[in-house]
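Chain residues, written in single-letter form:
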Amino acid sequence: MGNFGRTPPLQNLAFALVDALAALEVGALVVLYATITEDLGVAEELSGYALTAYFYPLSGILFFVLLLHRRLRLLLSPQSLLLGGLLLFAGGAGLCGAAPDAGTFFVGRGILGGGAGLAFTGQLWTGSCVFRPHRPVLLFWGEVGAAGGDLGGPALGALFAGLGPEGWRLFFFVEGGVALITCAVALRAFGARGCAPKSAPPLAEPSLELRHPGILPWQQVAVSFLLVGSLYFFSDFFQQTQNQGPLVVALGTLLASVGTVAGAFLGARFFHASPSVPGAALGGMLLALVALGGCLAGGYPFLAALPLAALGLFSGLAGVRLYAAMVDAALPEDFLYCTLIYLLGMQLGSALGVQVVTVSEGFGFGILRATALLAGLPAAVTAVSFLSVRSTSPSPRGE
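Every value quoted in this text rests on a predicted model; they were computed, and no experiment measured them. (Residues numbered from 1 in each chain as written. Predicted model: local features only at pLDDT ≥ 70, side-chain atom pairs only at ≥ 80, totals over all residues. Heavy atoms only, no water.)

**Q** Got a minute to help me understand the overall build of the protein chain in this structure?
**A** Along the protein chain, the regular secondary structure elements total 13 helices and 2 strands. Counting all 399 residues of the protein chain, 55% fall into the buried class. Considering only contacts in the protein chain between residues 6 or more positions apart, those separated by 24 or more positions represent 88%. With an accessible surface of roughly 15,300 Å², the protein chain has 70% of that area assigned to carbon and sulfur atoms. (Helix = DSSP H or I, 4+ residues; strand = E, 2+ residues; numbered from the N terminus. Buried < 20%, exposed > 50% of the residue type's maximum accessible area, 1.4 Å probe, protein only. Contact = heavy atoms within 4.5 Å. Areas by Shrake-Rupley, 256 points an atom, 1.4 Å probe, with all protein chains shown as cover.)

Have a look at this one:
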């Protein structure tokens, strides 16, 4: 990939910060949710909704924009969605930090989710239609930012949880400040740019040979489902079952983050590799989940470091490759549509992964049964993935 690393640094930083902000949000809440729900008087069996109250509005906004994407493409620019979403995100974070009760807090979480949906759409739409030749680089730096947020989120969560029963409020004010900084960087990096001309010829890039291209969004659902669900499963085991502090969760998330950076680098470095890569990466994530469940159930929780790192590695590889596949299959005017499908799959998978762990906890499932439940949907998607790949070799677009 000859253009790797050649985009202007401020653009790379903007992409990294947007993804870091989103990962910071999720990573910190994986640690803080128990403290927040206890302070606000939310029942323990409903504590997982502190996370899903963010994911579901986010997915709803993405679906709404998806329905109207053709009109929005004519009325709005990518940077307007990006900057507006970041400002809305900052407002939602401030409301969460100042929330006097659970109802206000959940409203703030909804606003956060809506802002994240708009920001994500603007971010990837910008990368798709304006910086298409540098798409692998921007996606790589996005994954680097996400991995940094995965590390910083639990660390900040542990820090603010240690400040007292209401220390979690400070996290949201910090998060809002980071959103404003990200907005300023994005304005500087992308503010003067618009979409590429509709008449711009598509690049001669190899497209994926799939019998059923519709499997691609489901693969993204499965990747996010496995990664976020597994991290929440790991956190829930240590904080709820073992009554341990957030430090172990932060260390486990660090290992997953390191793996994600490595996987994203491989995905960006070999951006147009075999079409079977996403399915193979999903298979690797499933094996890592089984190993994680075995470590926790067998009384060797600290051996979970290896499967957590593997989960990150395979998720980073699959994420970059899946977005490449979806954009390769689209015309330039359909970039926004592809971006929204990709983001919907990511956020829906994250929400469902947390929800499945919450349901298994509510039913009193043990570790092995919870692991099996968490593996069900991704296993089905993985099986279909291998059936969808053609036996022919990829060919350049337009042949």
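**Q** Could you clarify how one ought to interpret the packing of helix α4 (residues 78-98) against helix α7 (residues 168-190) in this entry?
**A** Axis angle and axis distance: for two packed helices, these are the angle between their axes and the distance between the axes, and together they describe the pair. Between α4 and α7, the least distance of the axes is 7 Å, while the angle of their chain directions is 165°. Classified by the angle between their axes, α4 and α7 sit roughly antiparallel to one another. Two packed elements cross with a definite hand, and for α4 against α7 that hand is left-handed. Across the contact of α4 with α7, the residue classes break down as 18 nonpolar, 5 polar and 2 charged. (Axes fitted to C-alpha atoms, helices over the stretch in contact; angles between N-to-C directions. Parallel < 35°, antiparallel > 145°, perpendicular 65-115°, else oblique. Left-handed = near helix turned anticlockwise from the far one by under 90°. Nonpolar A, V, L, I, M, F, W, Y, C, P; charged D, E, K, R; others polar.)

**Q** What exactly am I supposed to notice about the nonpolar core here?
**A** Where a protein is soluble and globular, its nonpolar side chains tend to be buried together. Residues Ile36, Tyr54, Phe55, Phe105, Phe171, Phe172 and Leu292 are the most contacted members of the largest nonpolar core, which totals 95 residues. The contacts of Tyr54, once residues within four sequence positions are left out, are Ala22, Glu25, Val26, Phe89, Arg109, Leu112, Gly113 and Ala116. (Core = buried A, V, L, I, M, F, W, Y, C linked by side-chain atoms within 4.5 Å.)

**Q** Looking at this structure, how should I read the pattern of salt bridges?
**A** Proximity of charged atoms lets side chains of opposite charge pair with each other. A full pass over the atoms with the stated rule returns 2 salt bridges. For Glu25, the salt bridge identified is with Arg109, shortest N-O distance 2.1 Å. Of the two residues, Glu25 is situated in helix α1 (residues 9-40) and Arg109 in helix α5 (residues 102-129); the sequence distance between them amounts to 84 residues. Assessed through its relative accessible area of 0%, Glu25 is described here as buried. (Salt bridge = Lys/Arg side-chain N within 4 Å of Asp/Glu carboxyl O.)

**Q** Explain the side chain of Asp19 to me, please; I cannot follow it from the model alone.
**A** With respect to the element layout, Asp19 can be found in helix α1. Taking relative accessible area as the criterion, Asp19 reaches 18% and is therefore assigned buried. Side-chain polar atoms of Asp19 contact the side chain of Gln123, separated by 2.7 Å. (Polar contact = N/O pair within 3.5 Å; in protein donor to acceptor, adjacent residues only side chain to side chain.)

**Q** Would you explain a nonpolar patch on the surface in this entry?
**A** Together, Phe63, Phe64, Leu67 and Leu68 make up a nonpolar patch on the protein surface, roughly 410 Å² of accessible area in all. Tracing the sequence through the fold places Leu68 in the loop between α2 (49-67) and α3 (69-75). (Patch = residues over 30% accessible without salt bridge, like charges linked within 9 Å, V, L, I, M, F, W, Y side chains within 5 Å.)

**Q** Looking at this structure, I do not really get the packing of α1 against α2. What am I missing?
**A** Taken N-terminus to C-terminus, the directions of α1 and α2 make an angle of 145°; their axes are 8 Å apart at the nearest point. Within the contact between the two elements, α1 uses Ala22, Glu25, Val26, Leu29, Val30, Tyr33 and Thr37 and α2 uses Ala50, Leu51, Tyr54 and Phe55. Of the residues that constitute the contact of α1 with α2, the class distribution is 9 nonpolar, 1 polar and 1 charged.

**Q** I tried to follow the packing of aromatic side chains on my own but got confused; where do I start?
**A** The description of an aromatic ring pair rests on the distance of the ring centres and on the angle between the ring planes. Throughout the structure, instances matching the rule amount to 7 aromatic pairs. One aromatic cluster in this structure is built from Phe105, Phe106, Phe160, Trp168, Phe171 and Phe172. (Phe/Tyr/Trp six-rings, centres within 6.5 Å; stacked < 30°, edge-to-face > 60°.)

**Q** So what exactly am I meant to see when it comes to helix α10 (residues 277-297) here?
**A** Given 3.6 residues per turn, any residue in an α-helix points the same way as the ones three and four places further on. For α10, spanning 21 residues, the distance from its first C-alpha to its last is 30 Å, which sits close to the expected 30 Å at 1.5 Å a residue. Of all 21 residues in α10, 15 are buried, a share of seventy percent or more. Once α10 finishes, Gly299 follows within two positions and takes phi at roughly 85°, a positive value. (Expected span 1.5 Å × (residues − 1).)

**Q** So what exactly am I meant to see when it comes to the environment of Ala309 here?
**A** Inspection of the secondary structure assignment puts Ala309 in helix α11 (residues 305-328). A residue is classified by how much of its surface remains accessible, and Ala309, at 25% relative accessible area, is partly exposed. When the C-alpha positions of Ala309 and Val258 are compared, they lie 6.9 Å apart, and in sequence the two are 51 residues distant. In contact with Ala309, not counting residues within four places along its chain, are Leu255, Ala256 and Gly259.

**Q** Any chance you could explain the confidence of the model for the protein chain here in plain terms?
**A** Interpreting fine coordinate detail is not advised for predicted regions of low pLDDT. For the protein chain, per-residue confidence averages 75 on the pLDDT scale, and 75% of positions sit at 70 or higher. Confidence drops under a pLDDT of 50 for residues 1-5, and excluding neighbours within four residues, the segment shows 12 contacts in the predicted structure. Low pLDDT, under 50, characterises residues 391-399; the stretch is placed with 18 contacts to residues that sit more than four places away or in other chains. (pLDDT = per-residue confidence, 0-100.)

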